[in-house]
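What follows is each chain in one-letter form.
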Amino acid sequence: MATLIKGGRIVTAIDDYVGDILIEDGKVRTLGQDLPAEGGVDVHDASGLLVMPGAVDVHTHLDWEFGTARTVDTFGTGTMAAAFGGTTSVIDFANQRHGESPLEGLEDWHRRCASRCVDVGAHMIILDPFPQALADLRALAQDEGVTSFKLFMAYPNVLMVDDGVCFYVMREAAKHGAVVCVHAENGYAINILVEEAVKAGNLAPKYHYLTRPPELEGEATARAITLAEYAGAPLYVVHVTCSQALDAVARARDRSDLIHGETCTQYLFLTQQELERPGFHGAKYVFTPPLRSQEHQDELWRGLHRGDLSAVSTDHCPFCFEEEPHGLKFSKRQGEKEGFHKIPNGGPGIEHRIPVLFDGAVKKRGMSLNRFVELVATNPAKLFGIYPKKGTIAVGSDADIVLFDPEQRWTIRAAEQHSRVDYSLFEGFEVQGRVKKTFLRGDLIVDGDQWLGREGMGAFLKRGESGRL
Ligand SMILES: [Zn+2]
């Protein structure tokens, strides 16, 4: 079964030309111009459309138990939402559980992600560093295709590990071709600020950002970088949100190609003011690190422009605002009576990253199309060991392809999204640019507003060496 995509403007991180793509057996077979549509080939006219590699989102939490709450998207619904947003590869977070090997955590994750509709890989969160657990890092990277380990410097007693564990895991990662991803905030200091706020009766959602100041993200980012540089390990700082953290990443990148920073869509378009919305609606914007002021947001845009940031992901970690719309017991409302510290931390975004960033970056700020593709597809694929199978359009690559109308204007509405979450961070955003068709390994899975994919059709991404561009 062959497919021919004709006459679109093909854009990768380096190319930009009008041409045709012949797909066979799920892979890009031929790139050219005026390719013949021979016997039985399925032809898609892409004239007037951008033809881009399926986007890669390396930061999602699907069907994930976090503290007392569970994210509301299954792998089925979350990856369907991804596909409608032009994302065809997702790297999600598996986690070790206390007292268990990370290999057991991976088995559990494999069970949960069987319903995936696009291709999915796993990072492994390390949180209990007993000797056998640390010895299993080699097997994760070399046998299981899990070539990234996530460490939390925040959330003491839940997810946080100490600096010794960070350093040890970094050295192991360097030995086994893996990268360490860090959530960089000073968890101990933040806990003190949170306790003080709660004791003083300061319980509104806005105290979430007031108790997690940018200085404490900057401190932890610099500390993680120092440890990684001394360990000789590649480091990927997830969700950089502020100038302090960005400065640390930028300085490190002057010295080394091993240090990378990511930001997420929401930090580029929203500010901490959202947490002050009346009627507890600020809770929708409670995620960690928090939204920052306009000055920090401006710095992040400069960071993208200068190349100090290497990728834009979503940190899709959806909790409903209202209680129990899907039979799940925990929602943002949990924090309404007891305080901001009980609001499940996380927000949705998997479905809207591409149109929101295309409109904001390419249309409104003049970012090149090549740089756009690099940030949402090529760099993430390279940094996490799935390039050039994913993240580009090249002969032999998987035919994960998005046809995108760069002119169509539309308004983002949660009521029309495919994620199970009951709100959007970008509600009411009027954007230019919309996904028209999404192909996963040659199969048309999204056609306008029609869903043609099916649960279980996504493959597991067994990844190679990670942490480098
Ligand atoms: Zn996250």
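Residues numbered from 1 in each chain as written. Predicted model: local features only at pLDDT ≥ 70, side-chain atom pairs only at ≥ 80, totals over all residues. Heavy atoms only, no water.

Draft legend 1. A look at the overall build of the chain. Of regular secondary structure, the chain possesses 14 helices and 19 strands. Taking 23 Å as the expected radius of gyration for a compact globule of 469 residues, we find that the chain reaches 21 Å, a close match to that expectation. With the C-alpha coordinates of the chain rotated into their principal frame, the extents come out at 70 × 50 × 45 Å. In the chain, which comprises 469 residues, the share counted as buried stands at 64%. Here the contacts in the chain between residues at least 6 apart in sequence split such that 77% fall between residues at least 24 apart. Of the accessible surface of the chain, which amounts to about 17200 Å², a share of 47% is contributed by carbon and sulfur atoms. With 49 positive and 65 negative side-chain charges, the chain shows a spacing of 1 Å between the two charge centroids. (Helix = DSSP H or I, 4+ residues; strand = E, 2+ residues; numbered from the N terminus. Rg over C-alpha atoms; globule rule 2.2 N^0.38 Å. Buried < 20%, exposed > 50% of the residue type's maximum accessible area, 1.4 Å probe, protein only. Contact = heavy atoms within 4.5 Å. Areas by Shrake-Rupley, 256 points an atom, 1.4 Å probe, with all protein chains shown as cover. Lys, Arg positive; Asp, Glu negative; His and termini not counted. Charge placed at Lys NZ, Arg CZ, Asp CG, Glu CD.)

Draft legend 2. Quick look at the pattern of salt bridges. This structure, assessed with the given rule, holds 33 salt bridges. The salt bridge involving Glu-172 is made with Lys-175; its shortest N-O contact spans 2.7 Å. On the criterion of helical spacing, the pair formed by Glu-172 and Lys-175 is a turn pair, its members being 3 residues apart in helix H5 (residues 163-176). Exposure remark for Glu-172: the relative accessible area of 10% places this residue in the buried category. We note a salt bridge from Arg-212 to Glu-185, for which the minimum N-O separation is 2.9 Å. Residue Arg-212 is found in the loop between helix H7 (207-210) and helix H8 (214-231), and its partner Glu-185 is found in the loop between strand S12 (179-183) and helix H6 (187-199); the two are separated by 27 residues along the sequence. Judged by its relative accessible area of 0%, Glu-185 falls in the buried class. (Salt bridge = Lys/Arg side-chain N within 4 Å of Asp/Glu carboxyl O.)

Draft legend 3. Examining the coordination of the zinc ion more closely. The coordination sphere of the zinc ion contains the protein donors His-59 (NE2), His-61 (NE2) and Asp-315 (OD), at a distance range of 2.1 to 2.2 Å. Mapping the donors of the zinc ion onto the primary sequence yields the spacing H-x1-H-x253-D. With a gap of 254 residues between them, His-61 in the loop between strand S6 (55-60) and strand S7 (65-66) and Asp-315 in the loop between strand S15 (311-313) and helix H12 (334-338) connect regions that are remote in the sequence. A relative accessible area of 4% means that His-61 is categorised as buried. (Donors = N, O, S within 2.8 Å, 3.2 Å for Na, K, Ca; no water.)

Draft legend 4. Here's a closer look at the sheet that holds strand S14 (residues 259-264). Pairing within the open sheet is parallel, and its 8 strands lie in the order S6-S9-S10-S11-S12-S13-S14-S15. In this open sheet, the two strands that pair with only one neighbour each are S6 and S15. Taken pair by pair, the neighbouring strands of this sheet meet at an average axis angle of 30°, ignoring direction. Direction of pairing for S12 relative to strand S13 (residues 235-237): parallel, over a ladder of 3 bridges. Residue pairing for S13: Val-180 is matched across the bridge by Leu-235. (Pairing = 2+ DSSP bridges. Axes fitted to C-alpha atoms, helices over the stretch in contact; angles between N-to-C directions.)

Draft legend 5. Spatial organisation of unusual backbone geometry. The omega angle of the peptide bond from Thr-288 to Pro-289 is -10°, so this bond is cis rather than trans. In this structure, Pro-289 sits in the loop between helix H10 (265-269) and helix H11 (294-306). Here the residue pair Tyr-387 and Pro-388 is connected by a cis peptide bond, since its omega of 5° sits within 30 degrees of zero. Mapped onto the fold, Pro-388 is located in the loop between helix H14 (369-383) and strand S16 (401-411). The phi dihedral of Asp-25 falls on the positive side, at around 50°, and the residue is not glycine. Here the phi dihedral of Asp-63 falls at roughly 45°; this positive angle occurs in a residue that is not glycine. Residue placement: Asp-63 occurs in the loop between S6 and S7.

Draft legend 6. The arrangement of the packing of aromatic side chains in detail. Per the stated rule, a full pass over the model turns up 14 aromatic pairs. Ring centres of Phe-84 and Trp-451 lie 5.8 Å apart, and the angle between their planes is 35°; this geometry places the pair in the tilted category. Pair noted here: Phe-84 is in helix H1 (residues 75-84) and Trp-451 is in strand S19 (residues 450-451), with a separation of 367 residues, a long-range link. Judged by its relative accessible area of 11%, Phe-84 is buried. (Phe/Tyr/Trp six-rings, centres within 6.5 Å; stacked < 30°, edge-to-face > 60°.)

Draft legend 7. Representation of the nonpolar core within the structure. With 113 residues, the main nonpolar core has Phe-149, Val-169, Met-170, Val-182, Leu-235, Leu-357 and Phe-372 as its most contacted residues. In terms of residue count, H8 provides more of this core than any other element does, 7 residues in total. Ignoring any residue separated from it by four or fewer positions in sequence, one finds Val-169 in contact with Ile-126, Leu-134, Leu-137, Phe-149, Leu-151 and Val-180. Ranked by size, the runner-up nonpolar core spans 14 residues in total, among them Val-51, Ile-393, Ala-399 and Leu-403. (Core = buried A, V, L, I, M, F, W, Y, C linked by side-chain atoms within 4.5 Å.)

Draft legend 8. Up close: H1. Counting buried positions along H1 gives 10 out of 10 residues, so the element sits mostly inside the fold. Buried within H1 we find Phe-75, Gly-76, Thr-77, Gly-78, Thr-79, Met-80, Ala-81, Ala-82, Ala-83 and Phe-84. In this structure, the buried side of H1 is in contact with strand S9 (87-95), helix H2 (102-112), strand S10 (119-125), strand S17 (430-440), strand S18 (443-447) and S19. For H1, the side-chain oxygen to backbone nitrogen distance between the N-cap and Gly-76 is 3.1 Å, and the N-cap itself is Thr-74. Downstream of H1 by one or two residues, Gly-86 has phi in the positive range, about 85°. (Polar contact = N/O pair within 3.5 Å; in protein donor to acceptor, adjacent residues only side chain to side chain.)

Draft legend 9. The state of the cysteines, seen in detail. Scanning the model with the defined rule gives 0 disulfides in all. Cys-117 supplies the cysteine sulfur nearest to Cys-113, a cysteine that is in no disulfide, at a spacing of 11 Å. For Cys-181, which is in no disulfide, the shortest distance to another cysteine sulfur is to Cys-264 and amounts to 12 Å. Here Cys-181 falls in the buried class, since its relative accessible area comes to 1%. (Disulfide = S-S within 2.5 Å.)

Draft legend 10. Spotlight on the side chain of Asp-119. As for its position among the elements, Asp-119 is in strand S10. Judged by its relative accessible area of 1%, Asp-119 is buried. Side chain to side chain, Asp-119 and Lys-390 meet in a polar contact 2.7 Å long. When neighbours within four sequence positions are excluded, Asp-119 is seen to be in contact with Thr-88, Ser-89, Val-90, Lys-390, Asp-398, Leu-440, Arg-441, Gly-458, Ala-459 and Leu-461.

Draft legend 11. Seen up close, the pairing of S6. Judged by how many residues are buried, S6 sits mostly within the fold: 6 of 6 residues are covered. Bridge analysis of S6 against S9 gives 4 bridges, and the strand direction is parallel. Along S9, the bridge assignment pairs Val-56 with Ser-89.

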